[in-house]
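Reading the structure
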Amino acid sequence: MKKLIALTAFSLLSLGSGLAAAQAMDPPMKAVTPASAYPVAPAVGLYQAFGEQAGIRALMDDFVVRLKADARLAEAFKEANPANLAKQLTDQVCQLSGGPCVYKGPNMKEAHASMDITRGNFNALVEVLQQSMDAGGIPFTRQNQLLALLAPMHRDVVNVR
Ligand code: HEM
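Rules of the game
- Residues numbered from 1 in each chain as written.
- Predicted model: local features only at pLDDT ≥ 70, side-chain atom pairs only at ≥ 80, totals over all residues.
- Helix = DSSP H or I, 4+ residues; strand = E, 2+ residues; numbered from the N terminus.
- Expected span 1.5 Å × (residues − 1).
- Buried ≥ 20, exposed ≤ 12 C-beta atoms within 10 Å, placed from the backbone.
- pLDDT = per-residue confidence, 0-100.
- Contact = placed C-beta atoms within 7 Å.
- Near = placed C-beta within 6 Å.

1. A closer look at helix H7 (residues 119–135)
If you check H7, its first and last C-alpha atoms are 24 Å apart, about what 17 residues at 1.5 Å a residue would give, namely 24 Å. For H7, the full list of buried residues reads Leu-125, Val-126, Val-128, Leu-129, Gln-130, Ser-132 and Met-133. At the exit of H7 stands Gly-137, carrying a positive phi of roughly 70°.

This is the structure:
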């Protein structure tokens, strides 16, 4: 039930994200970097709620292990280098959640352009992230606050419609 609520919230946020992004783009205009391409402000204290950089890294290490083990996603992630992927995700989530990191990898469109990714793949990845957050004891409200920041990325990541 909890998962259902989270996924529903996530889907709704995805729908509204275009509008939110458009509004947030109004002045001041800032340089668009890979991680700032989705200009939604993080909830206050979100970075701290995830245990700062070390907590986020532990979460992402666990997430990558689960991605590789998940029946729906294992094929897509079988060649991924766990340490590199966890590092990139950590920088990205750290920055998005209001931490001091800077994600220096490719933007989400470029990073996924060579793959065929469906909405189903995207939702499966979100479910796996929820499993990791549950296992890491991240409070449900905080989980949804992070998912709200990731939701707008679906339009760049999902490329099979
Ligand atoms: C909100 C959703 C997502 C986020 C934030 C995200 C983020 C990232 C990041 C930061 C990278 C590293 C880019 C690089 O350094 O080159 C990456 C790579 C990758 N992503 Fe995603 N991604 C998302 C969704 C997905 C989905 C749905 C799939 C497929 C099912 C996917 C498959 C991959 C694969 C296979 C790689 C390459 C990994 C490697 O070879 O190291 N991603 N993603």
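Additional details are given in the paragraphs that follow.
2. Quick notes on the confidence of the model for the protein
Taken as a whole, the protein shows an average pLDDT of 86; of its residues, 78% reach a score of 70 or greater. Helix H1 (residues 2–25) is the least confidently modelled element of the protein, averaging 43 in pLDDT, while helix H3 (residues 52–69) averages 99, the highest of any element. Low pLDDT (under 50) marks residues 11–31, which in the prediction has 15 contacts with non-local residues, meaning those over four places away or in another chain.

3. As for the environment of Arg-66
Positionally, Arg-66 belongs in helix H3. For the pair Arg-66 and Ser-132, spaced 66 residues apart in sequence, the C-alpha to C-alpha distance is 7.7 Å. Every residue in contact with Arg-66, bar those within four places of it in the chain, is listed here: Val-128, Gln-131 and Ser-132.

4. With respect to the site of the ligand
In the region of the ligand, 23 residues are neighbours, and Ala-80, Gln-88, Gly-105, Ala-111 and Asn-121 sit closest. Going through the elements one at a time, helix H4 (74–77), helix H5 (82–96), helix H6 (108–112) and H7 are the ones with two or more residues in the shell around the ligand. The leading source of residues in the shell around the ligand is H5, at five residues.

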